Amino acid sequence: MKFVKSVSASLVLTTAAVAVLAGCSTSSTDTKKETTERPTINIFTNRIQPNPNSEVIRQLNEKLGVDLKITAVPDADYDTKLNLFVASGEMPDVYGGYVTSSKALFDSAASLTEDEVKQYAPNIYASFISRVGNQKSHILDLWSRDGKLKGFNNGALGNSLPYGVAIRSDILKELGVSMPKTIADWDIVLKKYKEKYPNNYPITVQNGGEAQAMYYFLSAFGVRRDAWIYKDNQIQYAPFMPGMREALIQLNKWYKAGYINPEYYTMYQNTSAPADEFVNNNALFYQYYNTTLQINPPFDEGSIGAKLTAKYPNAKLDWAPLPTLGDGSKPVVANAPMFTNIVFFNKKLEKDRDKLHKIMTAWDKIFSDPELFTLAKYGLKDTHYTLVNGAPVTKQEFSTNDAKAKEGFGWPFNGGFDATDDVNAKILPTFVKENRQKLLFDDNGLYSKKNIDYLVTTDKPTVEGPITSESGENLDGKNQTYATQWNTMYTSVIVGEKSITDFDAFIADWRKQLGDELVKNANRLYNKK
């Protein structure tokens, strides 16, 4: 069973655990004698392994009083390497996981107390309190095993915010149509687009995994590829919901009409393909347009907007609403749970609380001090980044992960977790803050909770862990075969290799053999409302 960990294409982080920074500083409450040697802190992270001899790392070590020893692997290798650490019994000092991580991984982590976090990571703790609302006890329980708190974080705020959709408003004007709001509107727009550009495909979906395919249009039908959706006081499974069948019928019609790029599925294997199609004028809209991206010029160097307007100076972007059926229902949007990720500390640190507390204190500083946060994320001012309207913007030559690794910055920030609100207020670009306020936080925003049904909120039940039968049998494992077949069935119906009758037969068998039991137990375990 797949669980939503991130929708950010970012996402999304989708396979790797949270990346963290640790260091040390002196606390007045420490009772042990301070050593004159700088402790080495072993950190396991993903994606970017910074050059230990870089100036950025040297400055971070100096400011934090530590020697950082960082091991990083590609996202896809993270869990495998972490399991090898667990098997060897030699864990790094700091590593990341999820609420759904294995018992062995939780057992490898030091037990903490809430008071300990509050004392030695006060800013992280305050940030957590401000974001968790009335779910504090529930979240702490998710991070605990046998009544002991095993890890902590302050919430992946950025991941919990839904992405938007950027549409070519200049093309809409050229076609003589208004911004589409319903599926019926989209029928008209897509038809006119194909007539105008017969060799292009208006629908070219974003990379990032099968679960993201066509999410934009599925949202109108109240479903998401393989999500658990709380509706009518019940947790429902999207593949079984009537809206899924209706959505697939609609998407198949559009595929036959030539509106959907026939290579959309294979584009998942090339992360640059969807952006390339969009900036090359081969698509009408860009799915998963993050609110951290610009919609209006002047565009940052290397951004999607900059690349598009460099080739097509008259191109204009606008935010597009998620479509509806026009019947008063709200579209759904999948947003990642804010508190899925956890920062763990090596269990051996239970016997060296002094070092544990120093790590927690430095972790607190890096995510709550604007100067340290900027150094770790953006590197050196004027060398690696410049200030644009008061906010740091990475120079184009340092925008790749390889360049960041060589220069020693960017490695703790791969989507698992967020800086405090005070830091964000100081370092986020003005347009990001404006995007979020206008689109997400204002009641009338296109992607506000008033206009869209968020799948994950603190006021509704969500499936947050394994699904087991009353006798303790793991139903997730049994469901893997059907889930794999569902991936194939989903795409096959869209492209016409399977009929809707084939879909009906498959879903009926799935529900009979396992699906209904899965849904029943999901509600038994997680529908506590």
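Residues numbered from 1 in each chain as written. Predicted model: local features only at pLDDT ≥ 70, side-chain atom pairs only at ≥ 80, totals over all residues. Heavy atoms only, no water.

In this chain, Pro297 is followed by Pro298 through a cis amide linkage whose omega measures 0°. Take Pro298: it is sitting in the loop between β9 (285–289) and α13 (304–311). The phi torsion at Asp232 lies on the positive side, around 55°, for a residue other than glycine. Turning to its location among the elements, Asp232 is positioned in the loop between β7 (228–231) and β8 (234–237). For Asp232, a relative accessible area of 61% gives the class exposed. One non-glycine residue, Asn281, lies in the positive phi region at around 70°. Mapped onto the secondary structure, Asn281 falls in the loop between α12 (273–279) and β9. A residue is classified by how much of its surface remains accessible, and Asn281, at 14% relative accessible area, is buried. (Helix = DSSP H or I, 4+ residues; strand = E, 2+ residues; numbered from the N terminus. Buried < 20%, exposed > 50% of the residue type's maximum accessible area, 1.4 Å probe, protein only.)

Now for the side chain of Asn61. Relative to the assigned elements, Asn61 resides in helix α1 (residues 55–64). A distance of 3.1 Å separates a polar atom in the side chain of Asn61 from the backbone nitrogen of Leu68. (Polar contact = N/O pair within 3.5 Å; in protein donor to acceptor, adjacent residues only side chain to side chain.)

Summing up the model confidence of the protein, the mean pLDDT is 87 and the portion of residues at 70 or higher is 89%. For the stretch residues 1–35, pLDDT sits under 50, and the model shows 137 contacts to residues farther than four places along the chain or on other chains. (pLDDT = per-residue confidence, 0-100. Contact = heavy atoms within 4.5 Å.)

Within the sequence span of α1, burial applies to Val56, Ile57, Leu60, Asn61 and Leu64. Looking straight down α1, one finds that the buried residues subtend no more than 130° of arc, so they occupy a single side. The inward-facing, buried residues of α1 abut β2 (67–73), α14 (353–368), α15 (370–378) and α16 (401–407). The positive-phi residue at the C-terminal boundary of α1 is Gly65, with phi of around 70°. (Arc of directions from axis to C-beta.)

With that settled, the discussion passes to the pairing of β9. A large share of β9 lies buried, amounting to five of its five residues. For strand β6 (residues 164–168) and β9, the ladder comprises three bridges, and the chain directions are antiparallel. Bridging from a neighbouring strand, Ala166 pairs with Tyr286 of β9. (Pairing = 2+ DSSP bridges.)

On to the packing of aromatic side chains, then. Under the definition given, this model contains 38 aromatic pairs. A ring pair is formed by Trp186 and Phe217, whose centres lie 5.2 Å apart and whose planes are at 85°; its orientation type is edge-to-face. Here the residue Trp186 occupies a position in helix α9 (residues 183–196), and Phe217 occupies one in helix α10 (residues 215–218), the gap between them amounting to 31 residues. Relative accessible area serves as the criterion here: at 0%, Trp186 is assigned to the buried category. The buried category is assigned to Phe217, whose relative accessible area is 1%. Taken together, Trp228, Tyr237, Phe240, Tyr482, Trp486, Tyr490, Phe503, Phe506 and Trp510 form an aromatic cluster joined through their ring pairs. A cation over an aromatic ring shows up here: Lys81 above the ring of Phe85, its NZ or CZ 4.9 Å from the ring centre. Residue placement shows Lys449 over the ring face of Tyr454; its charged tip is 5.4 Å from the ring centre. (Phe/Tyr/Trp six-rings, centres within 6.5 Å; stacked < 30°, edge-to-face > 60°. Lys NZ or Arg CZ within 6 Å of the ring centre and 35° of its normal.)

Let us now look at the pattern of salt bridges. Oppositely charged side chains are able to pair whenever their charged atoms sit close together. Under the defined criterion, the tally for this structure stands at 22 salt bridges. Between Arg38 and Asp67 there is a salt bridge whose closest N-O contact spans 2.9 Å. Of this pair, Arg38 sits in the segment before β1 (40–46) while Asp67 sits in strand β2, placing them 29 residues apart in sequence. Relative accessible area serves as the criterion here: at 35%, Arg38 is assigned to the partly exposed category. With a closest N to O distance of 2.7 Å, Glu116 and Arg353 form a salt bridge. In this pair, Glu116 sits in helix α4 (residues 114–120) while Arg353 sits in helix α14, placing the two residues 237 residues apart along the sequence. Judged by its relative accessible area of 8%, Glu116 falls in the buried class. It is possible to trace a salt-bridge network through shared partners that takes in Arg38, Glu62 and Asp67. (Salt bridge = Lys/Arg side-chain N within 4 Å of Asp/Glu carboxyl O.)

Note on soluble globular proteins: their nonpolar side chains tend to be buried together. Ile203, Trp254, Trp486 and Tyr490 are the most contacted members of the largest nonpolar core, which totals 89 residues. It is helix α20 (residues 500–526) that provides the largest number of residues to this core, a total of nine residues. Excluding anything up to four places from it in sequence, Ile203 contacts Leu190, Met214, Phe217, Trp254, Tyr259, Ile260, Asn261 and Phe285. Listed in part, the 68 residues of the second largest apolar core include Val117, Tyr120, Ala405 and Ala419. (Core = buried A, V, L, I, M, F, W, Y, C linked by side-chain atoms within 4.5 Å.)

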